[in-house]
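Each chain, written out:
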Amino acid sequence: MRHLFLVLLGWPLLGWAQAPIQLADVCPAGFETSAENTCKLHTRYDQYDSLYERGVGGLQTALPAHREGFSPQQIDLGRHLFFDPVLSGDQTQSCASCHHPKLGFADGLKRSIGANGAENQRAAPSLWNMAFLTRFFWDARSGSLEEQMTGPLFSPVEMAASPELLLERLNASAEYRRLFAEAYPKQDVVTLDQLYLSLAAFQTSLISLNSPYDRYAHGSPDALNAQELEGFNVYRSFVARCSECHTPPLFTNQQIAVIGVPEPDGRPFDPGAQVPFDNPDWRGGFKVPSLRNVAQTAPYMHSGSFTTLRDAAEFYTKGRGHALPEEEKGRVQLHWHIWEPKLAEHELDRLVDFMRALTDESFTPAIPAQVPSGLAPVGRVPPALQARIASTTHNKNEPTGE
Ligand code: HEC
Ligand code: HEC
């Protein structure tokens, strides 16, 4: 009921005196706008050659290839679409309902809740630095952002829309037709490919590469304090082995690893990547998640099993396979880097300090004050934010979702 209230509340506020939406004509922070009107990312990692310092945890290692080359208008149209509940079947939920910028582009839940109130099987991952990834979803089942998003858009337990419905709705909106024509000048009707491309363009603009760790890596020794530095040394040690999988500078090696995370709440074992790849060696395997901005995205793992970063770190020192159900123990092929590092309490605390030093939200995009459908931006907000938002909705200038 509460979300309905918030949605309805949005109407009168948006009903008058709204200037038409203008798409940005310059690229988001971190990107340079080229003469051809495309956006090119610049980071200090550009100056490094990955061959320069080989080995896991090397400070001055280049980033993997990334997607770029969208226009500022495509990215900004994607931003409006991302926050517009018009994309869900019943128009209550936007992408941001499960990937909210105030929750590290996740939703704070163990399992996301779809537009119809249905529970998803897994936790919503963060969307920071999507531009660098080549596989999507926890089980790596999707090979592009465009393919990935047809999952949430059309899944009955997520946004529950259909391709026909979205085409009809977007083409029926004069405002959307105008904005799509601005972003895709050669087309006069809105197509699904343009919708997918715009959302992909926006997601590839979510860059987080200027944390205290990065400043340290680029040569400022004081950017990490003594505790964070001690944590970094544990992190990249051959005892803890965190950086073998969560490899800097992206803090993921983008591989699938079987580590034996428990399922909470009496739920059945999740076979993970075994299913899409039809590979029994990957039973219980999941994509190694990046740890950038991880301090913002509790609870942790595909299953949301751990409430704090401390619990997540402690998992690795409780013994190889300790959390597997009995019947899986002989079946699951745990990764060889999962063992019993016997980390001391203070080492676990320092690991947490280090993971917190991977936080950088300086390029967080603004939630649009209005979205083209005229609905309240964001739509249903994650429960973890509802109280905060209820206390600010009396202020007309504060868009819902801020
Ligand atoms: C109902 C909540 C919900 C909504 C709405 C939602 N997502 Fe997600 N999203 C999830 C969950 C849960 C996963 C992980 C599912 C899995 O791995 O099986 C996910 C995964 C993703 C991923 C993969 C990230 C990675 O690291 O592999 C991307 C990208 C993504 N969503 C983008 C979007 C976009 C774009 C939209 C809007 C079109 C959207 N999501 C709407 C819950 C949601
Ligand atoms: C063998 C590869 C591997 C090693 C080594 C490893 N991890 Fe992980 N890590 C993973 C995988 C795979 C997941 C996701 C598992 C899942 O969801 O079931 C994960 C998840 C996490 C998460 C949760 C992230 C999120 O967004 O939910 C944290 C935190 C984490 N690891 C920290 C560490 C730390 C700290 C170490 C070192 C003590 C470490 N990892 C070592 C593979 C690894």
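Residues numbered from 1 in each chain as written. Chains lettered and ligands numbered in written order. Predicted model: local features only at pLDDT ≥ 70, side-chain atom pairs only at ≥ 80, totals over all residues. Heavy atoms only, no water.

An unreviewed UniProt entry annotates the protein chain as Cytochrome c peroxidase of Pseudomonas fluvialis. As its UniProt record puts it under Subcellular location (unreviewed entry), the protein chain is described as follows: "Cell envelope". (UniProt positions renumbered as here; feature names shortened; annotations may be inferred.)

Here we come to the coordination of the iron atom of ligand 1. If you check the protein contacts of the iron atom of ligand 1, you find one donor only, His99 (NE2), at 2.1 Å. Structurally, His99 can be placed in the loop between helix H2 (72-82) and helix H3 (145-154). (Donors = N, O, S within 2.8 Å, 3.2 Å for Na, K, Ca; no water. Helix = DSSP H or I, 4+ residues; strand = E, 2+ residues; numbered from the N terminus.)

Our next topic: the domain arrangement of the protein chain. In terms of domains, the protein chain is made up of domain 1 (2-208 + 362-390) and domain 2 (212-356). On the side of domain 2, 37 residues touch domain 1, which itself brings 37 residues to the contact. Buried surface at the junction of domain 1 and domain 2, both sides included, amounts to about 3,100 Å², of which 55% is carbon and sulfur. The interface formed by domain 1 and domain 2 includes 4 salt bridges. (Domains from an automatic or database assignment. Contact = heavy atoms within 4.5 Å. Buried area = accessible area lost by both parts, 1.4 Å probe. Salt bridge = Lys/Arg side-chain N within 4 Å of Asp/Glu carboxyl O.)

In this structure the tally under the stated criterion is 19 aromatic pairs. Seen in terms of ring centroids, Phe83 and Phe202 are 6.2 Å apart; in terms of plane orientation they differ by 65°. Their pairing is edge-to-face. Highlighted residues: Phe83 in the loop between H2 and H3 and Phe202 in helix H6 (residues 192-203), separated in sequence by 119 residues. Of the two residues examined, Phe83 and Phe202, each falls in the buried class. Through a chain of ring-to-ring contacts, the aromatic side chains of Tyr213, Tyr216, Phe232, Tyr235, Phe251 and Phe354 assemble into a single cluster. (Phe/Tyr/Trp six-rings, centres within 6.5 Å; stacked < 30°, edge-to-face > 60°. Buried < 20%, exposed > 50% of the residue type's maximum accessible area, 1.4 Å probe, protein only.)

Here the focus is the coordination of the iron atom of ligand 2. In this structure, His246 (NE2) and Tyr316 (OH) serve as the protein donors to the iron atom of ligand 2, at separations of 1.8 to 2.0 Å. Coordination geometry of the iron atom of ligand 2: the 6 donor atoms subtend angles of 85 to 179° at the metal centre, consistent with an arrangement described as octahedral. In this pair, His246 sits in the loop between helix H9 (242-245) and strand E3 (256-258) while Tyr316 sits in the loop between helix H11 (309-315) and helix H12 (345-356), placing the two residues 70 residues apart along the sequence. (Tetrahedral: all angles 85-135°; square planar, octahedral: opposite > 155°, others 65-115°.)

Moving on, we come to the pattern of salt bridges. A full pass over the atoms with the stated rule returns 20 salt bridges. For the salt bridge of Arg111 with Asp265, the shortest nitrogen-to-oxygen distance reads 3.0 Å. Placement of the pair is Arg111 in the loop between H2 and H3 and Asp265 in the loop between E3 and helix H10 (274-277), with a sequence separation of 154 residues. When its relative accessible area of 11% is taken as the criterion, Arg111 is described as buried. Two residues, Asp214 and Arg292, come together in a salt bridge whose shortest N-O distance is 2.7 Å. Residue Asp214 is found in helix H7 (residues 212-217), and its partner Arg292 is found in the loop between strand E4 (285-287) and H11; the two are separated by 78 residues along the sequence.

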